[in-house]
Each structure stands twice: as C-alpha cells, then as structure tokens.
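Below, each chain spelled out in residue letters.
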Amino acid sequence: MAATSRGTTPVPPDVRPRLTVLSGPSGVGKSTVVAHMRKEHPEVWLSVSATTRKPRPGEKHGVHYFFVSDEEMDKLIANSELLEWAEFAGNRYGTPRGAVLERLEAGEPVLLEIDLQGARLVRESMSEAQLVFLAPPSWDELVRRLTGRGTEAPEVIERRLAAAKIELAAEAEFDTTLVNTSVEDVARELLALMKVV
Ligand SMILES: Nc1ncnc2c1ncn2[C@@H]1O[C@H](COP(=O)(O)OP(=O)(O)OP(=O)(O)O)[C@@H](O)[C@H]1O
Ligand SMILES: Nc1nc2c(ncn2[C@@H]2O[C@H](COP(=O)(O)O)[C@@H](O)[C@H]2O)c(=O)[nH]1
C-alpha cells in the first residue's frame, strides 16, 4: 500500500465500491484533494450538500453548496430529503438524498465529503459505503492550514479545532486513513480506492 495510507480494510478486487465517504477534520484538505482529483477525473460525482452556513467569497450556490435558510433546512429534514445531516460548528449541513441515489443507480462513482457524524449515519444506512478518513500530518500542521485558509473568525476556528479533536479520535471507525502530506499522492490513492483508475 502507498506510503500515506494506514489501516486499510482490503476490498475484494471484483467489488467496485459504489459510494465513498471522505471525512476528516476541518482544514485537513478534503476540498483541495477532491478538487485536484476531479480536475483529472470529472467522472467522479461529488454530492453538493445543503448548508445553513453563509457562502465564503467565491463560493457559488449549486456548485460548492446549496446555501439554504434555517427554514429551508427544516423542510428538507422534515420531508426526508436528506440522506444524512448534522450540525457542525454552529451550522447545519446535509446530503440531498435523491441525487445520490440517482447516480448510484446509474452506476457512477459517488463521493460524499462530509463530517464524522454524517459518515456514521451513512455507515448505518448504507453498509456498502467505504469510509475514508483524511488525517493531517500533525496537529500543528492542521492548525496552520485551518488558520492559514483565512476564511473563519478566531472563535469559529476554535469550534472547528474542538470538533477536530473528536474527529481525530474516531479515525479507527474508518475503513482507510490517508494522511494528507501531498495533495497529488492522496488524490491518486483516493482514485485507486474508488477503483476509478
Ligand atoms: N497537502 C497539503 N499541504 C499543504 N496545504 C494544504 C494541503 N492540502 C490542503 N492544504 C491547504 O489547507 C487549507 C485547508 O484545505 P481545505 O479547505 O481543502 O480543507 P477542508 O478539509 O476541505 O476543510 P473544511 O472541512 O473546513 O471544508 C487550504 O488553504 C489548502 O490550500
Ligand atoms: N454531515 C455533513 N457534513 C458536511 C456536509 N457537507 C459538508 N460537511 C462537512 O462540514 C464541515 C464544514 O464544512 P465547511 O465547508 O463549512 O468548511 C466539513 O467537515 C465538511 O466536510 C454534509 O452534507 N453533511
């Protein structure tokens, strides 16, 4: 196995994991890795989540997230339109169920980029999903990345780092861990796990 992965549960070669969940602490580099991977492999379908978080500069409705009000999120939840949802650092996030099921039905490789609580819920409802944990090379590097991104106020960074401690402690619940030392290496390993290459 490649140098950046640990704790892999082998997937039989003839079984193509149809749904992959990528989780890991805020700022570890999930979006960066996924964007890099999809530049070369746009056939990997990434679910666009709904969130009550306000858009960051440059984020587009329908591309990065569906930015919804609290009332709209309440309705999505009440109408069972979300495959899973969770509250994370003061905002709610959820995976639209219909689009994911359609893509899985079509046999496409489907990727969810969601938090630990969401990953646990997906595992409960879709046992065939493979769960991948993206870990930072070190705690200090995680803090550097999250702070260096410059998108969150200091108190939000504190909340996200508190959540990160819980997420890091749950690494063993995942099928595979990839350590994000190199975006290129992790993107390649994720593609291999998804059996896209
Ligand atoms: N391998 C890496 N080496 C150095 N910097 C990295 C690496 N991967 C990502 N980064 C940087 O770390 C910061 C956080 O990355 P990113 O926004 O992708 O994290 P994330 O896990 O998607 O965060 P969140 O869960 O908060 O959305 C970005 O500034 C990104 O450029
Ligand atoms: N449970 C879910 N978590 C999600 C979903 N979409 C994103 N996320 C996770 O939330 C945090 C914060 O994201 P940010 O964009 O505000 O930095 C991060 O861990 C995401 O992976 C979702 O649909 N469900």
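Residues numbered from 1 in each chain as written. Chains lettered and ligands numbered in written order. Predicted model: local features only at pLDDT ≥ 70, side-chain atom pairs only at ≥ 80, totals over all residues. Heavy atoms only, no water.

Labelled according to an unreviewed UniProt entry, the protein appears under the name Guanylate kinase, originating from Streptomyces durmitorensis. Database annotation for the protein, UniProt heading Catalytic activity (unreviewed entry): "GMP + ATP = GDP + ADP". (UniProt positions renumbered as here; feature names shortened; annotations may be inferred.)

Caption draft 1: Fine view of the pairing of strand β9 (residues 130-135). Of all six residues making up β9, six are buried, and the element is well covered by its neighbours. A two-sided burial pattern is seen for β9, the buried positions comprising Q130, V132 and L134 on one face and L131, F133 and A135 on the other. Both strand β2 (residues 19-23) and β9 contribute to a ladder of four bridges, which runs parallel. Opposite L22, over in β9, you have V132 as the bridge partner. With four bridges joining them, β9 and strand β10 (residues 176-179) adopt parallel strand pairing. From the neighbouring strand, V132 faces β10, where its bridge partner is T176. (Buried < 20%, exposed > 50% of the residue type's maximum accessible area, 1.4 Å probe, protein only. Helix = DSSP H or I, 4+ residues; strand = E, 2+ residues; numbered from the N terminus. Pairing = 2+ DSSP bridges.)

Caption draft 2: Structural detail: the site of ligand 1. Looking at ligand 1, there are 15 residues lining it, with S26, K30, S31, T32 and R149 nearest. Backbone polar atom of G29 to an oxygen atom of ligand 1: 3.0 Å apart, as the coordinates give it. Residue T181 places a main-chain N or O atom 3.4 Å away from a nitrogen atom belonging to ligand 1. Against a free-state accessible area of 640 Å², the protein chains account for coverage of 75% of ligand 1. (Near = heavy atom within 4 Å. Polar contact = N/O pair within 3.5 Å; in protein donor to acceptor, adjacent residues only side chain to side chain. Areas by Shrake-Rupley, 256 points an atom, 1.4 Å probe, with all protein chains shown as cover.)

Caption draft 3: Layout of the nonpolar core. M37, L111 and L190 are the most contacted members of the largest nonpolar core, which has 23 residues in total. Counting residues per element, the ones that place at least two in this core are α1 (30-40), β9, α5 (139-149), α6 (154-169) and α7 (183-193). When residues in this core are grouped by element, the largest group, five residues, is from α7. Setting aside its immediate chain neighbours within four residues, M37 contacts V44, L111, A187, L190, L191 and M194. L112, M126, F133 and A170 belong to the second largest nonpolar core, which has 19 residues in total. (Core = buried A, V, L, I, M, F, W, Y, C linked by side-chain atoms within 4.5 Å. Contact = heavy atoms within 4.5 Å.)

Caption draft 4: Just the packing of α5 against α6, in detail. For the pair α5 and α6, interaxial distance at closest approach is 11 Å and the crossing angle is 145°. Where α5 crosses over α6, the two elements pack in a sense that is right-handed. Counted together, W139, L142, V143, L146, T147 and R149 of α5 and I157, R160, L161, A164, K165 and L168 of α6 form the full contact between these two elements. (Axes fitted to C-alpha atoms, helices over the stretch in contact; angles between N-to-C directions. Left-handed = near helix turned anticlockwise from the far one by under 90°.)

Caption draft 5: Region of the structure containing the site of ligand 2. If you check the shell around ligand 2, you find 16 residues, and the closest are S49, R53, Y65, E84 and Y93. Between R53 and ligand 2, the recorded distance is 2.6 Å, taken from a side-chain N or O atom to an oxygen atom. Taking E84, its side chain carries an N or O atom lying 2.7 Å from a nitrogen atom of ligand 2. Taken by itself ligand 2 offers 510 Å² of open surface, and the protein chains cover 95% of this. Elements with a minimum of two residues in the shell around ligand 2: β6 (82-88) and β7 (91-96). Class assignment of the residues belonging to the shell around ligand 2 gives a composition of five nonpolar, four polar and seven charged. (Nonpolar A, V, L, I, M, F, W, Y, C, P; charged D, E, K, R; others polar.)

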